[in-house]
Amino acid sequence: MKLILKWLLHAAALLLVAYIYSGVEVKNFTAALIAAAVIGLLNAVLRPVLVVLTLPVTVLTLGLFLFVINALMFWAASGLLSGFHVTGFGAALLGSLIYSALGIIIDSALGGVFLKA
């Protein structure tokens, strides 16, 4: 139940990112659901590999390169899907920052809800 609710809320967050920032476009809620799932899969499968491979750069930049990796995952999802579009790397960076901030809010809110149950 928590996973489905989290997925729905992340899709809504993706729609909010598209509403707030013009560099990210989402066609409809179905496209947002698919994009949220693809972003989650990319973050679960590809992101850890990229983090390990770019560890020296990440250490050298004091962790700031992780923002670049997040933007690449966001941009890669855009390249794989037709109903989700990001205009460029800068838009992917800002869009991923907004999406991550909303994801933190969602995770903390759901953590509080499901701890009480």
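See the structure above.
Read on for a plain summary of the structure. Predicted model, so just to flag it, every value in this text is computed and none were measured. (Residues numbered from 1 in each chain as written. Predicted model: local features only at pLDDT ≥ 70, side-chain atom pairs only at ≥ 80, totals over all residues. Heavy atoms only, no water.)

What follows is about the packing of helix H2 (residues 29-53) against helix H4 (residues 65-80). Direction vectors running N to C along H2 and H4 enclose 135°, while the axes themselves pass 10 Å from each other. The pairing of H2 with H4 is recorded here as oblique in orientation. As for the relative orientation of H2 and H4, their crossing is right-handed in sense. Mapping the contact onto sequence places Val38, Ile39, Leu42, Asn43, Leu46, Arg47, Leu50 and Val51 in H2 and Leu66, Ile69, Asn70, Met73, Phe74, Ala76, Ala77 and Leu80 in H4. A per-class count over the contact of H2 with H4 returns 13 nonpolar, two polar and one charged. (Axes fitted to C-alpha atoms, helices over the stretch in contact; angles between N-to-C directions. Helix = DSSP H or I, 4+ residues; strand = E, 2+ residues; numbered from the N terminus. Parallel < 35°, antiparallel > 145°, perpendicular 65-115°, else oblique. Left-handed = near helix turned anticlockwise from the far one by under 90°. Contact = heavy atoms within 4.5 Å. Nonpolar A, V, L, I, M, F, W, Y, C, P; charged D, E, K, R; others polar.)

Turning to the packing of aromatic side chains, a few remarks are in order. Per the stated rule, a full pass over the model turns up three aromatic pairs. A centroid spacing of 5.4 Å and a plane angle of 90° characterise the contact between Phe74 and Phe84, whose relative ring orientation is edge-to-face. Residue Phe74 is found in helix H4, and its partner Phe84 is found in strand S2 (residues 84-86); the two are separated by 10 residues along the sequence. The pair formed by Phe74 and Phe84 is uniform in burial state, with each residue classed as buried. Each member of the aromatic cluster is reached from another via a ring pair, and the members are Phe74, Phe84 and Tyr99. (Phe/Tyr/Trp six-rings, centres within 6.5 Å; stacked < 30°, edge-to-face > 60°. Buried < 20%, exposed > 50% of the residue type's maximum accessible area, 1.4 Å probe, protein only.)

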